Number of protein chains: 2
Amino acid sequence: MTTPANTAGTDPLRSGPDPAGPDPAVTVHAQAVRARVAASRLATLTRTRKDAALHAMADALEKQSPEVLAANAADLAAAREAGTSAALLDRLALDERRVAAMADALRDMAALPDPVGEVVRGSTLANGLRLQQIRGPFGVVGMIYEARPNVTVDAAGICLKSGNAVLLRGSSSAARSNAALVEVLRGALADTGLPADAVQLVDASDRDSARQLMRARGLVDVLIPRGGASLIRSVVEESTVPVIETGVGNCHIYVDAAADLDMASRIVLNAKTQRPSVCNAAETLLVHAAVADAFLPRILAELTGAGVTVHGDPRVCAVRADDARVVPATEEDYATEYLSLDIAVKVVDSLEDAISHIGRYGTGHSEAIVTDSAAAAAEFTARVDAAAVLVNASTRFVDGGEFGFGAEIGISTQKLHARGPMALPELTSTKFVVTGAGHVR
Amino acid sequence: MTTPANTAGTDPLRSGPDPAGPDPAVTVHAQAVRARVAASRLATLTRTRKDAALHAMADALEKQSPEVLAANAADLAAAREAGTSAALLDRLALDERRVAAMADALRDMAALPDPVGEVVRGSTLANGLRLQQIRGPFGVVGMIYEARPNVTVDAAGICLKSGNAVLLRGSSSAARSNAALVEVLRGALADTGLPADAVQLVDASDRDSARQLMRARGLVDVLIPRGGASLIRSVVEESTVPVIETGVGNCHIYVDAAADLDMASRIVLNAKTQRPSVCNAAETLLVHAAVADAFLPRILAELTGAGVTVHGDPRVCAVRADDARVVPATEEDYATEYLSLDIAVKVVDSLEDAISHIGRYGTGHSEAIVTDSAAAAAEFTARVDAAAVLVNASTRFVDGGEFGFGAEIGISTQKLHARGPMALPELTSTKFVVTGAGHVR
């Protein structure tokens, strides 16, 4: 699934009271040491044993859903008291159906192939040495994330399947829910003979615990922040553990001079309105000047009709001067990941200008062109630097599930290690195994 | 080739006078901006044009070798005056043969396949969307490295071939040599119509220039430090640009109870003495207690006979109590990457103890077992966590050239992105290209 981005109200780096949290005497360092011990056992587990544990985790979640829902109710009550918005309350809320969906996600992971042990490449060298590059787990993965409790279960499952131990640092607003979920998951691990310390919750009530996680170099192999831009920026700045950036998506749709305008309209509406709160939703529409007169009146009517506020450049605003839902765009609008029913709309004079605009304001997530011109499509896909570049398709397709990769832990917007949806293989490293018969140089 | 590790005397983070260096008014930031512009051109160059430039660079190096050698002579004179050791002077020194070797390395790179444009995977999804994951350059690569001037040429060539611009920050002791080399390379780039700013030298006389490179997040895509442990540690600590760690190799050879002792002796001697200054040389020998009586007397005689100082545990020292070349090992010895004719030798009571010792002191580079037992080999290769694990072969084989990958920019000892020898594909990222026919969700 796609990561709904975080907003200020659920910043997981904010501390708060955590009545149901872990023992504050347990340091992140001590947890990381225990995770390493667990990881060394996970690394050599067979797929059969990992899948059995995933099924046990799923069954336990369904069986113990009353405890999970009670903890969640307490989180929700505290959040309501703190004046949390309805949208954030909805993100935090669990019910039987959502718990069942978490359990089903774990069962789906069990059905995916095991990435561990895959021979990525192999050959026999001229001197007879046999060379194999083999996939294996990272070891210990750290996650720092926002309110949604399902991330706790998804991350635990995907890390277990890929042979990694995980340290989970959610937000304090979901602390009781996360604690209840992790207790269920650890119980299921122990019941199937696996180390419970493969899944550990880091104390979200301690502001410093996230910093400790970021500085646990040598104990934690990779840190994956999942949330809004400010969370990810602070992790990238502070962490000495290698970080994989995820999820900030200031995604563009460029309607080319050679676009099919009916198709363009369908794609723009889908990418903006089908689920505006996620990172692969469109945030800016660029329209080639040659089709602006034909396209702008209809797309502006359709967008505003769907409840979208348009932040337009002067040429756009002039089309619907009397519409209160069409307002002037500022420089900041072009840089903003709205995650809401807002869109920046700008007329560009060329494909070149569209590519430049995306180069300047894009976050390297997902960028789309609508065009019937093969040359324009080739130029756009070659030169736009992003995790995913789409031709005549909605940005909403950039997702591990949609790509057929199965469960994903986020969408990487960096170039190192993984770019785009991060599924099971992206949670592994490799090792060269070299076999000789007394070979020396 | 393998990275000879750095030593204190050539720390590239030390500043010094740099009479032949770049204009101090040119900031690293300005250089990085120019590198980005160059990178956007390099990204879409055909292999033909890149290979032509590599050949032009090689030819120019040979033609202009007098200028290069004159600059190198000045570096050498200054280094001699500063009391630099003979070993470091040798590393810094160039002659006609070494310049020709640099030129040949560039020609070899031209013969390698172009990683850019490789379709890593592709499929048509159930809904008809066509998905391709395509290899492309990072953009701008930063290198921080030690004295050897050939790294300047190697890095420039490998980055060009993989479509990346490069910012080179060598050591001040090689500043004149590096400046002369880069001038030649930039001239050849310009002569073949490519942007000279694809290869730029960062002012090594400015202590702060390395820091600026480390903080150029958003302009520099990846930073590769190549040198000793302290250099790499400081880059990892200070950099906000993603780093790929290279080259620190505290490599072990474990001689198992089931080892062929003749083979073990050949491998130990080769791994320790064939080229002791490089990262894949062996630094510690672990001997199973069951073969200690049979193996220690001969291997200690052979090692000391080859001029190696043995730092032994009590059981080892007892074997040659009167030999001045066998001295007691301290805790620090086990953690030391000697890069010299020194080796720590320890008797272990089990395979388990050997794996534990390596887990505690190893740097995740190259670890070898000598054994005739398939079970012991399987256990060792599965459980030892390193870039390369070898069975019955010298650690000296862990090298991009030996593995058949061609030119390498270093040996990664981290788990993210690249692990082991980093050749051309490891200097690229990927992009998903998604092609539809108006697809919406």
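Residues numbered from 1 in each chain as written. Chains lettered and ligands numbered in written order. Predicted model: local features only at pLDDT ≥ 70, side-chain atom pairs only at ≥ 80, totals over all residues.

(A) The sheet that holds strand S6 (residues 222-226) of chain A, seen in detail. Residues and elements named next belong to chain A. Ordered in space as S5-S4-S3-S6, the four strands form an open sheet in which the pairing is parallel. Two strands lie at the open edges of the sheet, namely strand S5 (199-201) and S6, each paired on one side alone. Neighbouring strand axes in the sheet, compared pairwise and without regard to direction, differ in orientation by 20° on average. Bridge analysis of strand S3 (residues 140-145) against strand S4 (residues 165-169) gives five bridges, and the strand direction is parallel. Residue pairing for S4: Ile144 is matched across the bridge by Arg169. (Pairing = 2+ DSSP bridges. Helix = DSSP H or I, 4+ residues; strand = E, 2+ residues; numbered from the N terminus. Axes fitted to C-alpha atoms, helices over the stretch in contact; angles between N-to-C directions.)

(B) The arrangement of the environment of Asp114 of chain A in detail. All names here are of chain A. Inspection of the secondary structure assignment puts Asp114 in the loop between helix H5 (96-111) and strand S1 (119-124). For Asp114, a count of 19 C-beta atoms within 10 Å puts it in the partly exposed group. When the C-alpha positions of Asp114 and Thr46 are compared, they lie 8.8 Å apart, and in sequence the two are 68 residues distant. Aside from chain neighbours lying at most four places away, what touches Asp114 is Arg47, Lys50 and Lys161. (Buried ≥ 20, exposed ≤ 12 C-beta atoms within 10 Å, placed from the backbone. Contact = placed C-beta atoms within 7 Å.)

(C) Region of the structure containing the sheet that holds strand S10 (residues 326-328) of chain B. Pairing is mixed across the open sheet formed by 10 strands, whose spatial order is S1(A)-S2(A)-S16(A)-S13(B)-S12(B)-S7(B)-S8(B)-S11(B)-S9(B)-S10(B). Pairing within the sheet leaves two strands with one partner each, and these edge strands are S1 of chain A together with S10 of chain B. Sheet twist, expressed as the mean angle between neighbouring strand axes with direction ignored, is 25°. Direction of pairing for strand S16 (residues 428-439) of chain A relative to strand S13 (residues 388-393) of chain B: parallel, over a ladder of five bridges. Bridging from a neighbouring strand, Val434 of chain A pairs with Leu390 of chain B of S13 of chain B. Across the sheet, helix H14 (residues 351-361) of chain B touches strand S7 (251-255), strand S8 (282-288), strand S11 (342-348) and strand S12 (366-370) of chain B, and the angle it forms with S11 of chain B is around 140°.

(D) Quick look at the packing of helix H2 (residues 47-63) of chain A against helix H7 (residues 175-191) of chain A. Residue and element names in this part refer to chain A. At a minimum axis distance of 8 Å, the contact between H2 and H7 shows a crossing angle of 135°. Overall, the two elements H2 and H7 adopt an arrangement that is oblique. Note that H2 runs across H7; the crossing there is right-handed. Note on element contacts: H7 touches H2 through Val184, Leu185, Gly187, Ala188, Leu189 and Asp191, opposite Ala53, Ala56, Met57, Ala60 and Leu61. Class assignment of the residues belonging to the contact of H2 with H7 gives a composition of nine nonpolar, one polar and one charged. (Parallel < 35°, antiparallel > 145°, perpendicular 65-115°, else oblique. Left-handed = near helix turned anticlockwise from the far one by under 90°. Nonpolar A, V, L, I, M, F, W, Y, C, P; charged D, E, K, R; others polar.)

(E) A look at the interface of chain B and chain A. Listed by partner, the interface residues are 52 residues for chain B and 52 residues for chain A. Mapped by element, the contributors of at least two residues to the side of chain B that touches chain A are helix H9 (229-238), helix H10 (261-273), helix H15 (374-383), S13 and strand S16 (428-439) of chain B. When residues in the side of chain B that touches chain A are grouped by element, the largest group, 11 residues, is from S16 of chain B. Partitioned by chemical class, the residues of the side of chain B that touches chain A number 25 nonpolar, 18 polar and nine charged.

(F) Region of the structure containing the relation of the copies chain B and chain A. Superposition record for chain B on chain A: RMSD 0.1 Å, screw rotation 180°, translation along axis 0.0 Å. Both copies are brought into coincidence by an operation consistent with a two-fold rotation axis. Residues of chain B ranked by C-alpha distance from the rotation axis are headed by His417 of chain B, positioned 1.7 Å from it. Both copies contact each other with a shared surface, as 100% of the interface residues of chain B are interface residues in chain A too. (Least-squares fit on C-alpha atoms with pLDDT ≥ 70 in both.)

(G) Molecular detail of the pairing of strand S6 (residues 222-226) of chain B. Residues and elements named next belong to chain B. Among the five residues of S6, five are classified as buried, and the element is accordingly described as predominantly covered. Residue alternation in S6 divides its side chains into two sets, Val222, Ile224 and Arg226 and Leu223 and Pro225, and both sets are buried. The sheet contact formed by strand S3 (residues 140-145) and S6 spans five bridges and is parallel. Among the inter-strand pairings, Met143 is bridged to a residue of S6, identified as Ile224.

(H) Structural context of the domain arrangement of chain A. Here chain A is described as being made up of domain 1 (8-246 + 422-431) and domain 2 (251-402). Here the C-alpha centre of domain 2 of chain A lies 35 Å away from the C-alpha centre of domain 1 of chain A. (Domains from an automatic or database assignment.)

(I) Representation of the environment of Thr192 of chain B. Residue and element names in this part refer to chain B. In this fold, Thr192 is placed in the loop between helix H7 (175-191) and strand S5 (199-201). Its 16 C-beta neighbours within 10 Å are what place Thr192 among the partly exposed residues. Taking the C-alpha atoms as reference points, Thr192 and Ile158, separated by 34 residues in sequence, lie 17 Å from one another.

(J) The packing of H2 of chain A against helix H6 (residues 150-161) of chain A, seen in detail. Residue and element names in this part refer to chain A. Interhelical geometry of H2 versus H6 gives an angle of 165° and a closest axis separation of 9 Å. The angle between H2 and H6 places the two elements in the roughly antiparallel class. The handedness of the crossing between H2 and H6 is right-handed. Judged by residue contacts, Lys50, Ala53, Leu54, Met57 and Leu61 of H2 engage Val153, Gly157, Leu160 and Lys161 from H6. Across the contact of H2 with H6, the residue classes tally to six nonpolar, one polar and two charged.

(K) Representation of the pairing of S12 of chain B in the model. Residues and elements named next belong to chain B. With respect to burial, S12 is a largely interior element, five of its five residues being buried. Neither face of S12 is exposed, since Ser366, Ala368 and Val370 on one face and Glu367 and Ile369 on the opposite face are all buried. Strand direction decides the pairing type here: S7 and S12, joined by four bridges, are parallel. Within the sheet, the bridge partner assigned to His252 lies in S12 and is Glu367.

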